[in-house]
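Here's the letter readout for the chains.
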Amino acid sequence: MFDFSQTVDRHGTFCTQWDYVQDRFGHADLLPFTISDMDFATAPCVLSALKQRLEHGVLGYSRWNHDEFKTAVTQWFAKRYAAHLPAESLVYGPSVIYLVSQLVQLWSKPGDGVLVHTPAYDAFGNMLSANYRQMLTSPLIKTDSSYEIDWPQFEAQAALPQCKILLLCSPHNPTGRVWTQTELQRMAEICHRHNVKVISDDIHMDMAFERYLPWSQVALNDQWALISSGSKSFNIPALTGAYGFIVNQEHREAYLTQLKAAHGLSSPSILGVIAHIAAYQQGGAWLDALKDYLHDNLAYVAQQLNNAFPELNYRVPQGTYLAWIDLKPLNINMEALQRLLIEEHKVAIMPGDTYGPEGQGYLRLNVGCPRSKVEAGVSALIAAIQELR
């Protein structure tokens, strides 16, 4: 029913990934596999709803706090994840990182620590630094088949007096880990024991290929928030819009005061609200087809890399459309590899150290695109590695 193989030319659309690749990689004529949006048009149901709204012609101030938006979100969690989250706890925000940042400010003070699994989405570190918070790292341990939590180290960090918040990425970016119920329960027990609040960034939840479990299903108290958006799943980040479940009423009211009074953001992007309603009410079949296509892209990356370099033992991630590739077994110069990719092969792939020192020796390859583009990127990567060896 849905064809994800068609190439959409994104040049000249003020597109961060294509039109501004030079900002990060120094060259403008590159094939990009970088920022985590996709090269696919959004779901037809979303486009239809947006067109209908635009044909109305009036784009005035709007609201998010109404039954249609809140029910669309809560029913999405109920139907897809068997999670019954209270509609009254739902709040809006212009972006996931905005919601996270406001909660960090409300739940801690400058100098306090926020615990993060690393390697980590680079916006986490930037946000915490800008808010004068200390990032307490919990480096994940790579195994033959996955990435695991170092539990003694994790609890030691959570037990520090300055540790006030666990900022959880679920599923995890960039490794693609989808946390199991046992892992989530153990994190919940540790955080409860040490009075650590939890902010769970679940923006990649719909891109989980294993069972995704919302934090609400393991929480032992009301000192948590779950933050998400349809922006990754339906490729609509330019419309803006995210949401959070803040179950504690006092915390929720404090957040809404920041949103409305301090920052004047009570009127949302109406197109973002409508897109979320349409996506969550009608977009399930499109998303399921997209996930199958993305998983096939990731399997293709694994097949090609492991055929060329068996020692990599690259595994398809449990979630996200991001291939987190450990090149350390090849013992190559990563700076030289980037130069070859950019200058000779005209390809931009995110270097792993963008996501912290634990990412050294890695690449993060975005496969949210037609297979033909994936084939070109993987071919260039293999050729560049072979030249270095």
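Anyway, here's the lowdown on the structure attached to this text. (Residues numbered from 1 in each chain as written. Predicted model: local features only at pLDDT ≥ 70, side-chain atom pairs only at ≥ 80, totals over all residues. Heavy atoms only, no water.)

Another aspect to go through is the pattern of salt bridges. Per the stated rule, a full pass over the model turns up 12 salt bridges. In this structure, a network of salt bridges that share partners links the residues Arg10, Asp37, Asp39 and Lys373. (Salt bridge = Lys/Arg side-chain N within 4 Å of Asp/Glu carboxyl O.)

Right, let's get into the nonpolar core. Formed by 134 residues in total, the largest nonpolar core has its most connected members in Phe77, Met187 and Val301. The greatest single-element share of this core, amounting to 10 residues, is contributed by helix α11 (residues 284-308). With residues near it in sequence (within four places) discarded, Met187 still touches His117, Ile149, Trp151, Phe154, Leu166, Leu168, Trp179 and Trp215. (Core = buried A, V, L, I, M, F, W, Y, C linked by side-chain atoms within 4.5 Å. Buried < 20%, exposed > 50% of the residue type's maximum accessible area, 1.4 Å probe, protein only. Helix = DSSP H or I, 4+ residues; strand = E, 2+ residues; numbered from the N terminus. Contact = heavy atoms within 4.5 Å.)

A few words on the layout of surface pockets. Approximately 1,300 Å³ is the volume found for the largest pocket. Surrounding the largest pocket, 49 residues form its lining, Ile35, Ser36, Asp37, Lys232 and Pro237 being those nearest its centre. Listed by contribution, the elements that provide at least two residues to the lining of the largest pocket are α1 (16-19), α2 (22-25), α3 (44-56) and α5 (96-107). Among the elements that take part in the lining of the largest pocket, α2 stands out by supplying 3 residues, more than any other. (1 Å grid on protein atoms, 1.4 Å probe; cavity = no way out; pocket = protein on both sides within 12 Å on 5 of 7 lines; lining within 4 Å. Points joined across faces, edges and corners; volume = space filled by probe spheres on them.)

Counted under the stated rule, the structure contains 2 cavities of 30 Å³ or more. Put simply, the largest cavity is a space of about 70 Å³. Here the lining of the largest cavity takes 3 residues from helix α8 (residues 181-193), the largest share from any one element. Within the lining of the largest cavity, the residues separate by chemical class into 8 nonpolar, 3 polar and no charged. What lines the second largest cavity is Phe69, Tyr92, Thr240, Gly241, Ala242, Tyr243, Ser269, Gly272, Val273 and His276. Contributions of two or more residues to the lining of the second largest cavity are made by β10 (242-246) and α10 (270-282). (Nonpolar A, V, L, I, M, F, W, Y, C, P; charged D, E, K, R; others polar.)

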